[in-house]
Amino acid sequence: MITQPEVIIDGNEVDDFIAPKLPDDISIPLNKIYEHINNSKDPVCAYFYDLGELKRNAQQIIKELPKQVQLYYAIKANSDSEILSGLSSYIHGYEVASAGEVVKVRQQSTNKPIAFGGPGKTSKELTVALDHDVELYHIESRLQLERLNDLASKRDKRVSILL
């Protein structure tokens, strides 16, 4: 018999937790997930996403933004490939904070703009970004600006920066 898994919030077991009603068109068989959780000897962390709702929310946000505003999705919020590809047609680009995130985005989309933020970008990270055609760079220091300028010059590339 499949039962609801134990729920722990802030280290305390919650006996009266009621799972939210999920849409009928959900593609994941929840009974398989509950079965896995019930059979596991170790704690299981599971995330449920409603990609349709996420897309509708993105559409609504874009509809209400001023025309001159571009919406970038910060992949640190969730870098799951289904989320990245699902949002691709609704957003202007992606905001990343590491070379690994640059590569992950480029595996999903070769043409969406990328804004590279985050402090302390190394020469190696900047090189990866340049090699993957990152469009915008958040510059945190004069040293970072000089480093990016030097690396871009060696590749005969012009880059746009945000201060």
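Residues numbered from 1 in each chain as written. Predicted model: local features only at pLDDT ≥ 70, side-chain atom pairs only at ≥ 80, totals over all residues. Heavy atoms only, no water.

Visitor: What exactly am I supposed to notice about a nonpolar patch on the surface here?
Guide: A cluster of nonpolar residues, Leu145, Ile161 and Leu163, forms a patch on the protein surface that exposes about 300 Å² of accessible area. Mapping Leu163 onto the fold places it in the segment after strand E7 (160-162). (Patch = residues over 30% accessible without salt bridge, like charges linked within 9 Å, V, L, I, M, F, W, Y side chains within 5 Å. Areas by Shrake-Rupley, 256 points an atom, 1.4 Å probe, with all protein chains shown as cover. Salt bridge = Lys/Arg side-chain N within 4 Å of Asp/Glu carboxyl O. Helix = DSSP H or I, 4+ residues; strand = E, 2+ residues; numbered from the N terminus.)

Visitor: Please clarify how the environment of Val134 should be interpreted in this entry.
Guide: Following the sequence through the fold, Val134 ends up in the loop between helix H5 (123-131) and strand E6 (136-138). Of the residues examined, Val134 reaches a relative accessible area of 6% and is grouped as buried. Leave out the neighbours within four places in its chain, and Val134 touches Val102, Ile114, Phe116 and Ala129. (Buried < 20%, exposed > 50% of the residue type's maximum accessible area, 1.4 Å probe, protein only. Contact = heavy atoms within 4.5 Å.)

Visitor: What should I look at first to understand the confidence of the model for the chain in this one?
Guide: When pLDDT is low, close inspection of the predicted coordinates is not appropriate. Predicted confidence across the chain gives a mean pLDDT of 84, with 81% of residues reaching 70 or more. Residue range residues 1-5 is modelled with pLDDT below 50. Its contacts to residues more than four positions away, or to other chains, number 12 contacts. (pLDDT = per-residue confidence, 0-100.)

Visitor: What am I meant to see in the packing of H5 against helix H6 (residues 142-154) here?
Guide: The packing of two helices is summarised by the inter-axis angle and the distance between the axes. At a closest axis distance of 10 Å, the pairing of H5 and H6 adopts a crossing angle of 45°. Taken together, the axes of H5 and H6 are oblique relative to one another. The handedness of the crossing between H5 and H6 is right-handed. Note on element contacts: H6 touches H5 through Gln144, Arg147, Leu148, Leu151 and Ala152, opposite Ser123, Leu126, Thr127 and Leu130. Split into classes, the residues belonging to the contact of H5 with H6 amount to five nonpolar, three polar and one charged. (Axes fitted to C-alpha atoms, helices over the stretch in contact; angles between N-to-C directions. Parallel < 35°, antiparallel > 145°, perpendicular 65-115°, else oblique. Left-handed = near helix turned anticlockwise from the far one by under 90°. Nonpolar A, V, L, I, M, F, W, Y, C, P; charged D, E, K, R; others polar.)

Visitor: Is there a simple way to think about the sheet that holds strand E4 (residues 93-96) in this case?
Guide: Strand pairing in a sheet relies on backbone hydrogen bonds, with the paired strands running either antiparallel or parallel. One open sheet accounts for five strands, arranged E3-E4-E5-E6-E7; its pairing is parallel. Every interior strand has two partners, whereas the edge strands, strand E3 (72-74) and E7, have only one. Adjacent strand axes in the sheet meet at a mean angle of 25°, parallel and antiparallel pairs treated alike. The pairing of E3 with E4 spans three bridges and is parallel. From the neighbouring strand, Ala74 faces E4, where its bridge partner is Glu95. (Pairing = 2+ DSSP bridges.)

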